[in-house]
Amino acid sequence: MSSVLGSRVRRIFLGLAACLLVGALAIGGGFVWVYSSADVSTVGTVDFDRELAVPPLAQSRVEADGTRVFELDMRSGQREFEPGTVTPTWGFNGDYLGPTLRAGRGERVRVVVRNGLPETSSVHWHGMHLPAAMDGGPHQPVEAGATWTPQWVVDQPAATLWYHPHPHGETESHVRRGLAGMFILDDADSATVGLPRTYGVDDLPIIVQDARFRNGQLYGAHAIFRDVGFLGDRILVNGTLSPYREVGDELIRLRLLNASTARMYNFGFADDRRFAVVGTDGGLLERPVPVDRVQLSPGERAEVVVRMSPGERVTLRGYPLEAGLASFDQRFSGGDDSFDILQLRAAETLRPATELPSEQVRAQTPDGSDSVRERGFDIQFARINGQQMDMGRVDATVTRGTTETWVVRNIDGMPHNFHVHDVQFRVLSVDGSPPPAVLRGPKDTVYIAPGSTVRLALRFDGPADPGTPYMFHCHLIWHEDQGMMGQFVVVEPGGAAAAPSHHGGH
Ligand code: C2O
Ligand code: CU
Ligand code: CU
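Cut-offs used in this document
Residues numbered from 1 in each chain as written. Chains lettered and ligands numbered in written order. Predicted model: local features only at pLDDT ≥ 70, side-chain atom pairs only at ≥ 80, totals over all residues. Heavy atoms only, no water. Helix = DSSP H or I, 4+ residues; strand = E, 2+ residues; numbered from the N terminus. Buried < 20%, exposed > 50% of the residue type's maximum accessible area, 1.4 Å probe, protein only. Contact = heavy atoms within 4.5 Å. Areas by Shrake-Rupley, 256 points an atom, 1.4 Å probe, with all protein chains shown as cover. Lys, Arg positive; Asp, Glu negative; His and termini not counted. Charge placed at Lys NZ, Arg CZ, Asp CG, Glu CD. Donors = N, O, S within 2.8 Å, 3.2 Å for Na, K, Ca; no water. Pairing = 2+ DSSP bridges. Phe/Tyr/Trp six-rings, centres within 6.5 Å; stacked < 30°, edge-to-face > 60°. Domains from an automatic or database assignment. Buried area = accessible area lost by both parts, 1.4 Å probe. Salt bridge = Lys/Arg side-chain N within 4 Å of Asp/Glu carboxyl O. Polar contact = N/O pair within 3.5 Å; in protein donor to acceptor, adjacent residues only side chain to side chain.

### Comments concerning the overall build of the chain
Secondary structure assignment for the chain yields five helices and 35 strands. Counting every position in the chain, which comprises 506 residues, the buried fraction comes to 55%. Taking as baseline every contact in the chain between residues at least 6 positions apart, the subset at least 24 positions apart corresponds to 78%. Split by element, the accessible area of the chain, about 19,800 Å² in all, is 51% carbon and sulfur. With 47 positive and 61 negative side-chain charges, the chain shows a spacing of 4 Å between the two charge centroids.

As structure tokens, then:
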């Protein structure tokens, strides 16, 4: 009896153990499959059979008082990214992306923004120093059918800025559908410094986005374990899939903008040639920095200059990331992915170019020596200092005319970056060491590896507006949408923040 019972128990036990083993193997096998199919590479498989589109320079009119007026219409449309497949899109003044706005330092600009979309959106001038009410963040929504007309005086160095929607909680889907454009600023230095500067000829906007097409649609779902947000498997440059560009100059300037919502790029050329980084988010570096890679997280820009030889073809490539990620996060954040992005085709005869300038501009960001205050920001998904974004809560009140030091720590295992509206800051240190040369120019967005700490010096030149906040946030846009964002206001000395007010477009 007891031996019969004993053998039955043993049988049941063995059966259970077998089930568990099979289950564990299935889960393990499933994980191995998910892990090993999670990386993407298009290296060697891109035909480069479409000419790179260059966004047109936006038309503008100058009013009697000198104000330069642009018009931006947000609209839905459609585009054939691949011949024969019509994809629904959103764009500014067209079906996808928008024109390049361009203005000079000291100019007053006004933009007539019309929202022809079926939902509320906004237009934010990323990298621009301007009054908070003109910033285009979540406090300046533009309702469907409404018009919003911000204006400001450009008062910052020549730079490659950009514009994109910033509706609260919906920014990822608006940007991913095509709402983004470049905003180039010029100044006296940029005209004389000796860098290539003929737009669309030797000075090219390079707006890099990843996309995934499914049944002709731009697909936006996040795959399993992609805590960074949406990752695509194809690359669009200026909205062109598989692009090439013929160039006729020895020196070509590329204004690289990572307008992807979550993907980071480690840019380099397929032959590992060296090139020069001449500018960062908010302007030119003091001097060109020779590199063979430059890495950009979402929202960041780099201006680079590459030297071409007659008749050659060279591919701009996205290499696996060097982003301080553990292997699981590296794999599921797109870190092991690689892409052939753009082919440059040099003419048989090239217009000769001089050497790059050895000195470009004087540093204009604060060095932190006059900081009046230090603040800490611990960032993790999807919180800053333990709190999620609240439109009614002001997280920091800064005094107009002062410099502060902000210490930002990524206390997560995940990659994040940190973007601050209104200012261009200086990176003082990364984990206690001086920043690499390519981070020494003006920045508004900086990558922060897991466990890393960056110290930033920021000067708040105003104007003060105690009732209208600016944002700071992670620019992995889904993280921002999930609440990884905070608000600061600029006040006059001795002033206090007021309850945030809403100014919509009507
Ligand atoms: Cu590029 Cu708050 O944004
Ligand atoms: Cu911004
Ligand atoms: Cu983030």
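### Considerations on the coordination of the copper ion (ligand 3)
At this site the copper ion (ligand 3) is bound by H416 (ND1), C474 (SG) and H479 (ND1), with donor distances of 2.0 to 2.1 Å. Each donor residue of the copper ion (ligand 3) lies on the same chain, and together they follow the pattern H-x57-C-x4-H.

### Some points on the coordination of the copper ion (ligand 2)
Those protein atoms acting as donors to the copper ion (ligand 2) are H124 (NE2) and H419 (NE2), and they sit at 1.9 Å. With H124 in strand 7 (residues 124–126) and H419 in strand 30 (residues 416–420), this residue pair connects regions lying 295 residues apart in the sequence. With respect to class, H124 is no different from H419; both count as buried.

### Quick look at the sheet that holds strand 33 (residues 453–460)
Strand order in the open sheet formed by five strands is 27-26-29-33-31, with mixed pairing between adjacent strands. With one partner strand each, in any of the chains shown, strand 27 (383–384) and strand 31 (426–430) form the two edges of the open sheet. Here two bridges tie strand 26 (residues 371–380) to strand 27, and the two strands are oriented antiparallel to one another. Within the sheet, the bridge partner assigned to Q380 lies in strand 27 and is R383.

### Structural notes on the packing of aromatic side chains
Applying the stated criterion to the full structure yields 29 aromatic pairs. Measuring from ring centre to ring centre gives 6.2 Å for F31 and F328, while their planes differ by 5°; the resulting arrangement is stacked. Of this pair, F31 sits in helix 1 (residues 2–36) while F328 sits in helix 4 (residues 327–332), and the two are 297 residues apart along the sequence. Seen in terms of ring centroids, F472 and F488 are 6.5 Å apart; in terms of plane orientation they differ by 25°. Their pairing is stacked.

### Considerations on the pairing of strand 21 (residues 283–291)
Examined bridge by bridge, strand 20 (residues 275–280) and strand 21 share five bridges and lie antiparallel to one another. When the bridges of strand 21 are listed, F275 appears paired with V291. The hairpin formed by strand 20 and strand 21 contains two residues between the paired strands.

### Quick notes on the domain arrangement of the chain
Often, the extent of an interface is quoted as the loss of accessible area upon association of its parts. Domain annotation of the chain identifies domain 1 (50–191), domain 2 (203–351) and domain 3 (371–491). Taking only C-alpha atoms into account, the centre of domain 1 sits 21 Å from that of domain 2. Every contact between the two is made by 31 residues of domain 1 and, on the other side, 38 residues of domain 2. Between domain 1 and domain 2, the buried area comes to about 3,100 Å², and carbon and sulfur atoms account for 61% of it. Looking only at domain 1, the three residues that lose the most surface to domain 2 are R50, L52 and R176, adding up to 23% of its buried area. Summed over the shared surface of domain 1 and domain 2, the number is two salt bridges. Taking the shortest distance from any N to any O, the salt bridge between R245 and E51 comes out at 3.9 Å. Scanning the region where domain 1 abuts domain 2 turns up 17 residue pairs in polar contact (both at pLDDT 80 or more). At the level of elements, strand 1 (50–51), strand 3 (68–82), strand 4 (85–92), strand 10 (159–164), helix 2 (171–176) and strand 11 (181–186) are the ones that each hand at least two residues to the side of domain 1 that touches domain 2. Of the residues forming the side of domain 1 that touches domain 2, the biggest block, five residues, is contributed by strand 4.

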